[in-house]
Amino acid sequence: MTAVPSPLNLPVFVMLSLVLSRSFCQAVTEVNRRSYPTLASFVRSFSASSPTCCSNQEEVVIVDEASVVSLPQLKTMLSSHNIQLFDVRRPDEYEAGRIPQAVNVPLDNLEESLQLSPAHFLQKFEVKAPRREDDNIVFHCRTGVRSSKALGIARQLGFNKARHYRGGYSEWSEQEGQ
């Protein structure tokens, strides 16, 4: 025997549905904000069918292999000092350990920072500002997720020759013992 909802229960059901869907959206947004890639991508694929829910999600950037710098390439660029290496991790992560010659420009500030005048960039980061035509710009993070997002931001701003080190600080510290 199925229960027929009474007219009095319908508003309660609608209100409960709205509250639960809003809580779900807030949970998804928080997961994305913290950048937990495995859980976030699962939740993102689950919630992708709802355009009104979590519509401000960041897209994952698909990176072609030519845009990826390998560990041996990174070492060569570092040894020849032919690199503008930007660490897009949080400042606390950067302070805990970093790749030599890397400049910390957190992902949250990257777009704004890449649009600074050369003089302001130099003042803020104590290195010369990258130019759109430079072919030695490399982004890195811990595991390659944020650096691929950084690459997407840079490409949108016209830094079309920029690349990223997918192995990130995790691979660097594992291989270099730092």
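- For the protein, an unreviewed UniProt entry supplies the name Thiosulfate:glutathione sulfurtransferase-like and the organism Kryptolebias marmoratus.

### Things to note about the overall build of the protein
Step number 1: Counting its secondary structure elements, the protein contains eight helices and five strands.
Step number 2: Overall, the protein shows an N-to-C arrangement of helices and strands of α-α-β-α-β-α-β-α-α-β-α-β-α.
Step number 3: Within the protein, the fraction of its 178 residues that count as buried is 38%.
Step number 4: Of all intrachain contacts in the protein linking residues separated by at least 6 positions in sequence, the fraction that spans at least 24 positions is 59%.
Step number 5: A total accessible area of about 11,400 Å² is found for the protein, and carbon and sulfur atoms account for 57% of it.

### Considerations on the packing of aromatic side chains
Step number 1: Evaluated as defined, the whole model comprises three aromatic pairs.
Step number 2: An angle of 85° between the planes, with centres 6.1 Å apart, marks the rings of F86 and F121 as edge-to-face. Remark: F121 occurs in helix α6 (residues 118-125) and F86 occurs in strand β2 (residues 84-87); sequence separation between them is 35 residues.
Step number 3: Taking relative accessible area as the criterion, F86 reaches 3% and is therefore assigned buried.
Step number 4: For F121, a relative accessible area of 1% translates into the label buried.
Step number 5: These aromatic residues form a ring-pair network of at least three members: F86, F121, F125 and F139.
Step number 6: Above the face of the Y169 ring, R89 is positioned so that its terminal group lies 4.7 Å from the ring centre.

### A short note on the environment of D135
Step number 1: Here D135 lies in the loop between α6 and β4 (137-140).
Step number 2: Expressed as a C-alpha distance, the spacing of D135 and Q84, which sit 51 residues apart in the sequence, is 9.1 Å.
Step number 3: Contact partners of D135, with chain neighbours within four places excluded, come to K161 and R163.

### Observations regarding the sheet that holds strand β5 (residues 163-165)
Step number 1: Strand order in the open sheet formed by five strands is β1-β5-β4-β2-β3, with parallel pairing between adjacent strands. The strands lining the two open edges of the sheet, one partner per strand, are β1 (68-69) and β3 (103-104).
Step number 2: In terms of strand pairing, β2 meets β4 through four bridges, oriented parallel. In the sheet register, D87 faces β4, and the bridge partner there is H140.

### Observations concerning the pairing of β4
Step number 1: Burial along β4 is two-sided: I137 and F139 facing one way and V138 and H140 facing the other are all buried.
Step number 2: Where β4 meets β5, two bridges bridge the pair, whose relative direction is parallel. By the bridge assignment for β5, V138 is matched with R163.
Step number 3: What joins β4 to β5 is helix α7 (residues 145-156), and the crossover it makes is right-handed.

### Focus on the pattern of salt bridges
Note that side chains of opposite charge can pair when their charged atoms are close.
Step number 1: Tallying each qualifying case throughout the model produces eight salt bridges.
Step number 2: Note that R90 and D92 form a salt bridge whose closest N and O atoms lie 3.1 Å from each other.
Step number 3: Residues joined by salt bridges that share partners form a network here, namely R90, D92, E93 and R146.

### Some details on the confidence of the model for the protein
Step number 1: Mean pLDDT over the protein works out to 77, with 63% of the residues at or above the 70 mark.
Step number 2: Long-range and interchain partners of residues 28-60, a stretch whose pLDDT sits below 50, account for 25 contacts in this model, where long-range means more than four residues apart.

### Brief notes about the pairing of β2
Step number 1: Side chains Q84 and F86 project from β2 onto one buried face, and the interleaved L85 and D87 project onto a second face that is buried too.
Step number 2: Looking at chain direction, β2 and β3 are connected through two bridges and run parallel. Each bridged residue has a counterpart across the sheet, and for D87 the counterpart in β3 is N104.
Step number 3: Remark: the β2/helix α4 (residues 91-96)/β3 crossover connection has right-handed handedness.

Each value, and the rule that gives it
Residues numbered from 1 in each chain as written. Predicted model: local features only at pLDDT ≥ 70, side-chain atom pairs only at ≥ 80, totals over all residues. Heavy atoms only, no water. Helix = DSSP H or I, 4+ residues; strand = E, 2+ residues; numbered from the N terminus. Buried < 20%, exposed > 50% of the residue type's maximum accessible area, 1.4 Å probe, protein only. Contact = heavy atoms within 4.5 Å. Areas by Shrake-Rupley, 256 points an atom, 1.4 Å probe, with all protein chains shown as cover. Phe/Tyr/Trp six-rings, centres within 6.5 Å; stacked < 30°, edge-to-face > 60°. Lys NZ or Arg CZ within 6 Å of the ring centre and 35° of its normal. Pairing = 2+ DSSP bridges. Right-handed = clockwise from strand over helix to strand, strands pointing away. Salt bridge = Lys/Arg side-chain N within 4 Å of Asp/Glu carboxyl O. pLDDT = per-residue confidence, 0-100.

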